Amino acid sequence: MYGEAAALGAGTILNALSTGMGSAFAIDAETTARVELDDSGTVDGEIAGVPDADTRLIRRAVERVVERFGDGEGGHVRTESEVPMAAGLKSSSAAANATVLATLSALDVPVEGAEPRSAGGAEPRSAGGAEPRSAGGAESRSAGGAEPRSAADATDAPLDREAACRIGVEAARDAGVTVTGAFDDASASMLGGVTVTDNDADDLLAREAVEWDVLVWTPAARAFSADADVERCARVAPMARLVADLALDGRYGAAMTVNGLAFSAALEFPTEPAVEAMPHAAGVSLSGTGPSVVAVGDREELEQVCERWNQRTGDTWMTTTRTDGARVIE
Ligand SMILES: Nc1ncnc2c1ncn2[C@@H]1O[C@H](COP(=O)(O)OP(=O)(O)OP(=O)(O)O)[C@@H](O)[C@H]1O
Ligand SMILES: O=C(O)C1=C[C@@H](O)[C@@H](O)[C@H](O)C1
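Identification of the protein as Shikimate kinase from Haloplanus rallus is taken from an unreviewed UniProt entry. Turning to the protein, the UniProt record has this under Catalytic activity (unreviewed entry): "shikimate + ATP = 3-phosphoshikimate + ADP + H(+)". On record in UniProt, under Sequence similarities (unreviewed entry), the comment for the protein is "Belongs to the GHMP kinase family. Archaeal shikimate kinase subfamily."

Next comes the structure, spelled out in structure tokens:
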């Protein structure tokens, strides 16, 4: 019984460590999981290129799916990732989502929206149009976080990607790799586009397909989300509430810039990369709990930021948003 799936990395619009509300956008960087199930009853894990890495998250993701849809199977899970670990780019969400979908595929459980596509099957992007403002058409938005969870969470209705994503979030909580569960990051990684969520209730408040150019600076340092100073993040809660209002209003560029200034200060990361980007970018923020910084906007303008950020140590790379989200691979 074999399954394979891919999910996306993401950048931050609103860090949920202050208030439980968060927002993220999917980027064109993939994590692939391959799952082989057998009758051993135990699951072992492997992360390509990182022999000593902690595989609890992906093992737990397989176990959670087997507990719910399987018959006591064990097996092997292996991830391969373009998303650097502990860099602020949601590698744990991408790994959990890919593992959940691959395990469901191995068990022949269909997932609406994740239908098998061949490897490398991203949607084509339309040309231009990088202004990170809402066009007004968010797919799902509720006032005050009352959006009901997917019916598939509670019944035998067909599983959809939102419900599959919640299995990965629970695995992340079990493995202790997240503070809030990070449903914001996980939903962007699974569904694509921008999502705005209430991580206390794992509610999807809004989702919008956006097509932006994205510049990422990833310094060599690493910062695990589970080690972040939550107490200091709580102090910038008034700014986080402002960012949530801006994001729910579709003003993603302004939202992420305010978020970046507040959380760089709280988590003691430099604000200089953001100051360099601000004249050119529609939005720039520390991503997650750092250390990466993400800027969005017009490609030619971002190339000017790229020249500045290239003078810094670490990797600076240009990418795009992805609107298609995670998928099962044939
Ligand atoms: N590609 C991967 N494959 C398997 N497990 C992973 C992978 N990436 C992360 N993890 C697991 O998640 C843990 C936390 O990783 P990391 O800090 O990168 O997650 P994160 O919360 O997504 O942070 P960031 O936003 O900084 O990427 C790792 O210690 C590892 O156990
Ligand atoms: O661990 C967590 O709960 C989180 C980590 C960061 O990626 C944040 O950006 C996210 O909002 C929540």
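A. Just the site of ligand 1, in detail. Taken together, 25 residues sit near ligand 1, with Thr-79, Ser-91, Ser-92, Ala-95 and Ser-225 positioned nearest. Counting residues per element, the shell around ligand 1 draws most heavily on helix H2 (residues 91-106), which supplies 4 residues. A per-class count over the shell around ligand 1 returns 11 nonpolar, 11 polar and 3 charged.

B. Inspection of the UniProt feature "domain: GHMP kinase N-terminal" (unreviewed entry) in the protein at higher detail. Per the UniProt record, "domain: GHMP kinase N-terminal" (unreviewed entry) is annotated on residues 57-112. Helix makes up 52% of residues 57-112 and strand 18%. Its end C-alpha atoms lie 24 Å apart.

C. Structural view of the site of ligand 2. If you check the shell around ligand 2, you find 14 residues, and the closest are Ala-16, Gly-22, Thr-178, Thr-180 and Gly-288. Residues that form the shell around ligand 2 fall into these classes: 4 nonpolar, 8 polar and 2 charged.

D. Representation of the environment of Phe-25 in the model. Relative to the assigned elements, Phe-25 resides in strand E2 (residues 21-38). Placed 167 residues apart in sequence, Phe-25 and Gly-192 show a C-alpha to C-alpha distance of 7.0 Å. Setting aside residues no more than four positions away along its own chain, Phe-25 makes contact with Ala-10, Gly-11, Ile-13, Ala-188, Gly-193, Val-194, Val-210 and Thr-321.

E. The arrangement of the packing of helix H1 (residues 56-69) against helix H3 (residues 161-175) in detail. Remark: H1 packs on H3, axes separated minimally by 8 Å, with the N-to-C direction vectors making an angle of 130°. Considering the angle they form, H1 stands oblique to H3. As H1 packs across H3, the resulting crossing turns out to be right-handed. Between H1, through Arg-56, Leu-57, Arg-60, Ala-61, Arg-64 and Val-65, and H3, the contact on the second element is made entirely by Ile-167, Gly-168, Glu-170, Ala-171, Ala-172, Asp-174 and Ala-175. Among the residues forming the contact of H1 with H3, the class breakdown is 7 nonpolar, 1 polar and 5 charged.

F. Molecular detail of the sheet that holds strand E12 (residues 293-297). Ordered by their spatial adjacency, 4 strands build an open sheet running E11-E12-E10-E13, and the pairing between neighbours is antiparallel. Bordering the open sheet on either side are strand E11 (283-286) and strand E13 (315-320), each of which pairs with just one other strand. Going across the sheet, the axis of each strand differs from the next one's by a mean of 15°, ignoring polarity. Strand direction decides the pairing type here: strand E10 (residues 213-218) and E13, joined by 6 bridges, are antiparallel. Residue pairing for E13: Trp-217 is matched across the bridge by Thr-316. Along the sheet, helix H7 (residues 252-267) makes contact with E11 and E12, crossing E11 at roughly 30°. Packing against the sheet, helix H9 (residues 299-309) makes contact with E10, E12 and E13, and its axis sits at approximately 10° to E10.

G. Unusual backbone geometry, seen in detail. Across the junction of Gly-290 and Pro-291, the peptide omega takes the value 0°, indicating a cis bond. Structurally, Pro-291 can be placed in the loop between E11 and E12. Residue Lys-90 is not a glycine yet carries a positive backbone phi of 70°. Residue placement: Lys-90 occurs in the loop between strand E4 (74-81) and H2. For Asp-108, which is not glycine, the phi torsion reads 60° and is therefore positive. Inspection of the secondary structure assignment puts Asp-108 in the loop between H2 and strand E5 (111-112).

Criteria and cut-off values
- Residues numbered from 1 in each chain as written.
- Chains lettered and ligands numbered in written order.
- Predicted model: local features only at pLDDT ≥ 70, side-chain atom pairs only at ≥ 80, totals over all residues.
- UniProt positions renumbered as here; feature names shortened; annotations may be inferred.
- Near = placed C-beta within 6 Å.
- Helix = DSSP H or I, 4+ residues; strand = E, 2+ residues; numbered from the N terminus.
- Nonpolar A, V, L, I, M, F, W, Y, C, P; charged D, E, K, R; others polar.
- Contact = placed C-beta atoms within 7 Å.
- Axes fitted to C-alpha atoms, helices over the stretch in contact; angles between N-to-C directions.
- Parallel < 35°, antiparallel > 145°, perpendicular 65-115°, else oblique.
- Left-handed = near helix turned anticlockwise from the far one by under 90°.
- Pairing = 2+ DSSP bridges.

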